[in-house]
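The lines below spell out each chain.
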Amino acid sequence: EKFKDGLTKTRDNFSNRVNDLVARYRKIDEDFFEELEEILIQADVGFETVMELVEELKLEVKRQNMQDPKDVQSVISEKLVEIYQSGEEAPNELNMQEDGLTVILFVGVNGVGKTTTIGKLAHQFKSEGKKVVMAAGDTFRAGAIEQLEVWGERVGVDVIKQGAGSDPAAVMFDAIQSARARKADVLLCDTAGRLQNKVNLMNELEKVKRVIEREIPGAPHEVLLVLDATTGQNAMIQAKTFKDATNVTGIVLTKLDGTAKGGIVLAIRNELHIPVKFVGLGERMDDLQQFDAEKYVYGLFS
Ligand code: GDP
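An unreviewed UniProt entry lists the chain under the name Signal recognition particle receptor FtsY, with Falsibacillus albus given as the organism. Under the heading Function (unreviewed entry), UniProt records this for the chain: "Involved in targeting and insertion of nascent membrane proteins into the cytoplasmic membrane. Acts as a receptor for the complex formed by the signal recognition particle (SRP) and the ribosome-nascent chain (RNC)." Turning to the chain, the UniProt record has this under Subunit (unreviewed entry): "Part of the signal recognition particle protein translocation system, which is composed of SRP and FtsY."

So this is what it looks like as structure tokens:
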């Protein structure tokens, strides 16, 4: 029901337009599909994904010999879920270690909601009874450390930090030692989000990762890229850049509540082949949901 509430804008833009479309047409023809394509593209489903989806729909219409546009509607939901789920196993599960420390690295440009997501996730883990530590690895942006500390206080989790401008890799080293000393289950690591210089970004992320890997073989266990859903195609470009720079294992798509273009979830999955693990549906502590394609798509149409 969280999904339903958070998706109000997308539902108004997308589902209501699909409803209107199937109500207006008497038969399923080329014009019908063209209008449907338009609606999907405007919801940021992504060009390639739209083409694939409409092809599939046309085949299904033929296969079932459908005549009534209203019958197409349920097939749309089914195909959306199918496209999302194709060829993946347990995509929304985090790779959590049963024994010892799980290290999760968060990457993404400034303002996408990285700090907020780390705070929300810390809260979730804590309410599951896990011991959490956060690492203030964004030593570059003014205020980033304080902002993480605010979340730390809010959810009752320790933040390991050094001064502004210090070496993020040194912060990570410290954070791992502190997490171990506290016998923590999860270490959530913030990183700097400048994208102006791709080489710097890559070098810094690699350095941070190397320190983590050296301390804990197999870590980081997740590298989560945080993207702002309201930025549409810009988010896709960021995703491609980060995918080139580092081994992204999952995506957190924030601010879905603030956009009518929730179709971006499908574009990301289908065009980048990175699973969306969480979605942000608001600014509060508990406004983070594990992504579930079925709940998501059916939430759009219910
Ligand atoms: P960072 O620079 O990437 O660390 O971004 P912040 O965590 O500071 O978030 C930037 C702004 O986006 C803040 O005002 C957050 O409250 C807001 N924000 C983050 N996630 C969400 C979300 O899922 N929904 C909404 N509506 N706002 C969000």
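Side note on the overall build of the chain
A count of helical and extended segments in the chain gives 12 helices and 8 strands. Against the 2.2 N^0.38 benchmark of 19 Å for 302 residues, the chain shows a C-alpha radius of gyration of 21 Å, consistent with a compact globule. Its C-alpha atoms give the chain principal-axis dimensions of roughly 65 × 40 × 35 Å. For the chain, the residues scored as buried account for 54% of the 302 residues in total. In the chain, once contacts between residues fewer than 6 apart in sequence are set aside, the share between residues at least 24 apart is 76%. Of the roughly 13,600 Å² that the chain leaves accessible, carbon and sulfur atoms contribute 46%. Looking at charge distribution, the chain has the averaged site of its 38 positive side-chain charges lying 4 Å from that of its 50 negative ones.

Side note on the nonpolar core
Counting 103 residues, the largest nonpolar core has L187, L188 and L253 as the members making the most contacts within it. Top element by residues in this core is helix α5 (residues 69-85). It accounts for 7 residues. Each residue touching L187, except ones within four places of it in the same chain, is listed here: L101, T102, V103, I104, V133, M134, A135, A175, I176 and A179.

Focus: the UniProt feature "domain: SRP54-type proteins GTP-binding" (unreviewed entry) in the chain
The sites that UniProt annotates as "domain: SRP54-type proteins GTP-binding" (unreviewed entry) are residues 275-288. Helix makes up 0% of residues 275-288 and strand 43%, whereas the separation of the span's terminal C-alpha atoms amounts to 16 Å.

Here's the deal with the packing of helix α2 (residues 8-24) against helix α12 (residues 293-301)
Each pair of packed helices gets described by two things: the angle between the helix axes and the distance between those axes. Look at α2 against α12: their axes get within 8 Å of each other, and the N-to-C directions meet at 70 degrees. Considering the angle they form, α2 stands roughly perpendicular to α12. Contacts between α2 and α12 involve T10, R11, F14, S15 and V18 on the former and, on the latter, G299, L300 and F301. Of the residues contributing to the contact of α2 with α12, the split by class is 4 nonpolar, 3 polar and 1 charged.

Considering helix α10 (residues 233-245)
Between its first and last C-alpha, α10 extends 19 Å over 13 residues, near the 18 Å set by a 1.5 Å rise per residue. Inspection of α10 places A235, M236, Q238, A239, T241, F242 and A245 among the buried residues, and these make up the whole buried set. Of the surrounding secondary structure, the elements contacted by the buried residues of α10 are β1 (102-107), α9 (198-215), β5 (222-228) and α11 (264-272).

Conventions adopted
Residues numbered from 1 in each chain as written. Predicted model: local features only at pLDDT ≥ 70, side-chain atom pairs only at ≥ 80, totals over all residues. Heavy atoms only, no water. UniProt positions renumbered as here; feature names shortened; annotations may be inferred. Helix = DSSP H or I, 4+ residues; strand = E, 2+ residues; numbered from the N terminus. Rg over C-alpha atoms; globule rule 2.2 N^0.38 Å. Buried < 20%, exposed > 50% of the residue type's maximum accessible area, 1.4 Å probe, protein only. Contact = heavy atoms within 4.5 Å. Areas by Shrake-Rupley, 256 points an atom, 1.4 Å probe, with all protein chains shown as cover. Lys, Arg positive; Asp, Glu negative; His and termini not counted. Charge placed at Lys NZ, Arg CZ, Asp CG, Glu CD. Core = buried A, V, L, I, M, F, W, Y, C linked by side-chain atoms within 4.5 Å. Axes fitted to C-alpha atoms, helices over the stretch in contact; angles between N-to-C directions. Parallel < 35°, antiparallel > 145°, perpendicular 65-115°, else oblique. Nonpolar A, V, L, I, M, F, W, Y, C, P; charged D, E, K, R; others polar. Expected span 1.5 Å × (residues − 1).

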